[in-house]
Amino acid sequence: MDFRILPIPISEVEPLMDLPIQDLADRGCKLIVADSKPGYPCRVSLQDAEIGEQIILMPYHHHATYSSYRSSGPVFIRVGATQADLGINEIPVSVSSRLLSVRGYDVSGDMLDAEVTEGKNLRETISVLFANSSVSYLHIHNAKPGCYSCKVVIALIGSIEISGAYLSKCRN
C-alpha cells in the first residue's frame, strides 16, 4: 500500500520564527542551539539540525482529536526551516535512522494498533498497520524520548493523499 509522510505544516509554526526569546518563553517555547547531530530532528523539514543551528523547542498538539487519545508533546523546529515535501513512499533519513513507535488510529482518533520498529523497517510496519482497513492514519513517534515525529496517510492515485481522518480532521 502506498503512503505519504506528512510533516508539521510550516504555517502552524512560522509565526514563532522571528519572535524574541521572551515571547517564545511566554508561549512555552525555548530557543536552543543544536550541539550534536543527530539529536534535534525538525518536524517541519524532517531533517536533523546541523550543529550550531538554532532550534525552537515547542509544545505541539499533534493529535488534536476529540477522543481519549488527544495528545501533545515537545517538538523541535529548525529556525528558518522549509516544509518537507516528500514523495509517495519516501521516508526521510531523520525518521529511518531512529527507533520508532508507530501508532494506527481510526477516523474517530482512537488508537487501534501500535508497533515499535527500527526505522529501517518502517515501510513494512506501515504496510502491516494499514492492512487493517479500520486504520485511517498513523502517527510516528521517536520511541526512546516518545516525541511526535510525523503523520502517515494512505496515498491514492495521482497526487491525492487521502485517509478518512485526514479529510474529516486535518489536525489529527
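Residues numbered from 1 in each chain as written. Predicted model: local features only at pLDDT ≥ 70, side-chain atom pairs only at ≥ 80, totals over all residues. Heavy atoms only, no water.

Trainee: I'm lost on the confidence of the model for the protein in this one. Help?
Mentor: In low-pLDDT segments, the atomic positions of the prediction should not be examined closely. Residue-level pLDDT values for the protein average 91, and 91% of them are 70 or greater. Throughout residues 159-172 the model reports pLDDT below 50, and contacts reaching past four residues in sequence, or to other chains, amount to 43 contacts. (pLDDT = per-residue confidence, 0-100. Contact = heavy atoms within 4.5 Å.)

Trainee: Would you mind showing me how to read helix α4 (residues 122-130) here?
Mentor: Note: α-helices contain 3.6 residues per turn, so residues at a spacing of three or four share the same orientation. Turning to α4, its buried residues are Leu122, Thr125, Ile126, Leu129 and Phe130. Angular distribution of buried residues about the axis of α4 spans 125 degrees; they occupy a single face of the element. (Buried < 20%, exposed > 50% of the residue type's maximum accessible area, 1.4 Å probe, protein only. Helix = DSSP H or I, 4+ residues; strand = E, 2+ residues; numbered from the N terminus. Arc of directions from axis to C-beta.)

Trainee: Would you explain the sheet that holds strand β2 (residues 30-33) in this entry?
Mentor: Whenever strands of a sheet pair, they do so through backbone hydrogen bonds, lying parallel or antiparallel. Pairing in this open sheet of three strands is antiparallel, and the strands run β2-β3-β4 from one edge to the other. What marks the edges here is a single partner per strand, and that holds for β2 and β4 (71-78). Across this sheet, the average inter-strand angle for adjacent strands is 40 degrees, counted without regard to direction. Note that strand β3 (residues 54-63) and β4 share seven bridges and pair antiparallel. (Pairing = 2+ DSSP bridges. Axes fitted to C-alpha atoms, helices over the stretch in contact; angles between N-to-C directions.)

Trainee: Hey, could you run me through the packing of aromatic side chains in this one?
Mentor: The description of an aromatic ring pair uses the distance of the two centres, along with the angle that the planes make with each other. Across all of its chains, the model carries four aromatic pairs by this definition. For the ring pair tyrosine 40 and phenylalanine 76, a centre distance of 5.1 Å and an interplane angle of 70 degrees mean the geometry is edge-to-face. With tyrosine 40 in the loop between β2 and β3 and phenylalanine 76 in strand β4, the pair connects residues that are 36 residues apart, well separated along the chain. Joined through ring pairs, the aromatic side chains of Tyr69, Tyr105 and Tyr137 make up one cluster. Between the NZ or CZ atom of arginine 70 and the centre of the ring of tyrosine 66, over which it lies, the distance is 5.6 Å. Looking at lysine 151, its charged tip hangs above the ring of tyrosine 137, at a distance of 4.8 Å from the centre. (Phe/Tyr/Trp six-rings, centres within 6.5 Å; stacked < 30°, edge-to-face > 60°. Lys NZ or Arg CZ within 6 Å of the ring centre and 35° of its normal.)

Trainee: When you look at the sheet that holds strand β8 (residues 148-154) in this model, what are you seeing that I'm missing?
Mentor: If you trace the five strands from one edge of the open sheet to the other, you get β1-β8-β7-β5-β6, paired in antiparallel fashion. Bordering the open sheet on either side are β1 (3-6) and β6 (111-118), each of which pairs with just one other strand. The average angle at which neighbouring strand axes cross in this sheet is 25 degrees, direction not considered. As paired strands, strand β7 (residues 137-142) and β8 are joined by five bridges and run antiparallel to one another. In the sheet register, tyrosine 137 faces β8, and the bridge partner there is valine 153.

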